[in-house]
Amino acid sequence: MSSRPTQFDDLDRKIITALMANARTSFAEIGAAVGLSATAVKRRVDRLRETDVITGFTATVQPSALGWRTEAYVEVYCEGAAPPRRLAEVVRNHPEITAAMTVTGGADALLHVRARDVEHFEEVLERIRSEPFIRKTISVMVLSHLIPESPEAGASQPAPEDASDVR
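Residues numbered from 1 in each chain as written. Predicted model: local features only at pLDDT ≥ 70, side-chain atom pairs only at ≥ 80, totals over all residues. Heavy atoms only, no water.

Peer 1: Is there a simple way to explain the overall build of the protein in this structure?
Peer 2: A count of helical and extended segments in the protein gives 5 helices and 4 strands. In sequence order, the protein lays out its α and β elements as α-α-α-β-α-β-β-α-β. Over its C-alpha trace the protein gives a radius of gyration of 20 Å, far above what one expects of a compact globule, namely 15 Å for 167 residues. On the principal axes, the C-alpha backbone points of the protein span a range of 55 × 35 × 30 Å. A total of 167 residues make up the protein; the buried ones form 33% of that total. Counting every atom, the protein has about 10700 Å² of accessible surface; 52% of that belongs to carbon and sulfur. (Helix = DSSP H or I, 4+ residues; strand = E, 2+ residues; numbered from the N terminus. Rg over C-alpha atoms; globule rule 2.2 N^0.38 Å. Buried < 20%, exposed > 50% of the residue type's maximum accessible area, 1.4 Å probe, protein only. Areas by Shrake-Rupley, 256 points an atom, 1.4 Å probe, with all protein chains shown as cover.)

Peer 1: Would you mind showing me how to read the pairing of strand 3 (residues 109–115) here?
Peer 2: Within a regular beta strand, the side chains point alternately toward one face of the sheet and then the other, so they alternate between its two faces. Of all 7 residues in strand 3, 6 are buried; the element is thus mostly enclosed. As paired elements, strand 1 (residues 70–78) and strand 3 share 7 bridges and run antiparallel to each other. Each residue of the ladder has a partner; that of E75, found in strand 3, is L110. (Pairing = 2+ DSSP bridges.)

Peer 1: Mind showing me how you'd approach helix 4 (residues 84–92) here?
Peer 2: Because each turn of an α-helix spans 3.6 residues, side chains separated by three or four positions in sequence point in the same direction. If you check which residues of helix 4 are buried, you get L87, V90 and V91. Viewed along the axis of helix 4, the buried residues span an arc of 95 degrees, placing them on a single side of the element. Opposite its buried face, helix 4 presents the exposed residues R85 and R92, each directed more than 90 degrees away. In this fold, the buried residues of helix 4 make contact with strand 1, strand 2 (97–102) and strand 3. (Arc of directions from axis to C-beta. Contact = heavy atoms within 4.5 Å.)

That's the geometry; what it means functionally is another story.
Here it is as structure tokens:
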């Protein structure tokens, strides 16, 4: 993301809001809603992409349709001060980790994990725990999403066919 803040106006905000609600909305439809031509909307979207305000377009998919039937959040506690760069390297090696962030509080990081089933989740957890600088983990399984239309409720990639092949 850009290091300096990007200036944008109310029309940009309306365009972003429309795209966040449905990224497949045409520039003509957005233009009609915000009072611009389709060409003007496209120019603004191009500028918002160039300045990393808009970082991509995705489809939200029901996780179970892609084989992800188990979901959890994992608190990670490290020995000493594990740098975020090292944690980022670790999480990139686990395709089941769909989001990861450093956090305040007792834990050093919080991971969002999706797995095919509980056995697959356990295998993923053991791989995470095998990292030499990870002291402990605390897991919380997701039972249901109270806001089913939230991005966290969707999946961004299919579950691997065989967990042993994703190391």
